[in-house]
Amino acid sequence: MASKKKSKKSLSQQVMGVATMGMPAPVQKVAASKWGSKLLILIVPVLIASGVITISFTGGLPSIQVNEQRAMQVGEELRQGAVRAAEQARQQDAYRYR
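Residues numbered from 1 in each chain as written. Predicted model: local features only at pLDDT ≥ 70, side-chain atom pairs only at ≥ 80, totals over all residues. Heavy atoms only, no water.

## Considering the overall build of the protein chain
Now for step 1: The secondary structure content of the protein chain amounts to four helices and two strands.
Now for step 2: Taken from N to C terminus, the helices and strands of the protein chain fall in the order α-α-α-β-β-α.
Now for step 3: Its C-alpha atoms give the protein chain a radius of gyration of 20 Å, clearly above 13 Å, the size a compact globule of 98 residues would have.
Now for step 4: C-alpha atoms of the protein chain, sized along the principal axes, occupy 60 × 50 × 20 Å.
Now for step 5: Expressed as a percentage of its 98 residues, the buried residues of the protein chain come to 12%. (Helix = DSSP H or I, 4+ residues; strand = E, 2+ residues; numbered from the N terminus. Rg over C-alpha atoms; globule rule 2.2 N^0.38 Å. Buried < 20%, exposed > 50% of the residue type's maximum accessible area, 1.4 Å probe, protein only.)

See below:
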């Protein structure tokens, strides 16, 4: 009988496993996955820096709050940036094939 090879968890997977300890199992599973942990390690600091997520400590326990209005603003800015980038890419392609 072939034994299953258990892969060693990366540091980011271990960190996300600990950080999501109190969350439901499906959330923990995604956050501690290979790609989920890497994405969260990159995205969460950006969300905190942009003001979408705020973390406050009350009585020694962290409290995470999501600013929905700021999230919509950041989302709109990202959409506009993507549209501008797409337009620039189209213009560069048009110049390239002239």
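## Observations concerning the pattern of salt bridges
Here the idea is simple: oppositely charged side chains can pair when their charged atoms come close.
Now for step 1: Under the definition given, this model contains two salt bridges.
Now for step 2: Across the pair E77 and R70 runs a salt bridge whose closest N-O atoms are separated by 3.9 Å.
Now for step 3: The exposure class of E77 is partly exposed, given its relative accessible area of 45%.
Now for step 4: Residue classification places R70 among the partly exposed positions, given a relative accessible area of 24%.
Now for step 5: Across the pair R79 and E76 runs a salt bridge, and its minimum N-O distance is 2.7 Å. Highlighted residues: R79 and E76, both in helix α4 (residues 68–96), separated by three residues, approximately one helical turn.
Now for step 6: What makes R79 partly exposed here is its relative accessible area of 48%.
Now for step 7: With a relative accessible area of 34%, E76 lands in the partly exposed category. (Salt bridge = Lys/Arg side-chain N within 4 Å of Asp/Glu carboxyl O.)

## Re the packing of aromatic side chains
Now for step 1: Within the structure shown, the criterion is met by zero aromatic pairs.
Now for step 2: If you follow K38 out to its NZ or CZ, it ends over the ring of W35, 5.5 Å from the centre. (Phe/Tyr/Trp six-rings, centres within 6.5 Å; stacked < 30°, edge-to-face > 60°. Lys NZ or Arg CZ within 6 Å of the ring centre and 35° of its normal.)

## Quick look at a nonpolar patch on the surface
Now for step 1: Taken together, the side chains of L40, V44, I48, I55, F57 and I64 define a hydrophobic patch exposed on the protein surface, amounting to about 530 Å² of accessible area.
Now for step 2: With respect to the element layout, L40 can be found in helix α3 (residues 34–49). (Patch = residues over 30% accessible without salt bridge, like charges linked within 9 Å, V, L, I, M, F, W, Y side chains within 5 Å. Areas by Shrake-Rupley, 256 points an atom, 1.4 Å probe, with all protein chains shown as cover.)

## With respect to the packing of helix α1 (residues 11–19) against α3
Now for step 1: α3 packs onto α1 with a crossing angle of 80° between their chain directions and a minimal axis gap of 8 Å. The orientation of α1 with respect to α3, classified from their angle, is roughly perpendicular. Of α3, the residues touching α1 (which contributes S12, Q13, V15 and M16) are K34, S37, K38, L40 and I41. (Axes fitted to C-alpha atoms, helices over the stretch in contact; angles between N-to-C directions. Parallel < 35°, antiparallel > 145°, perpendicular 65-115°, else oblique. Contact = heavy atoms within 4.5 Å.)

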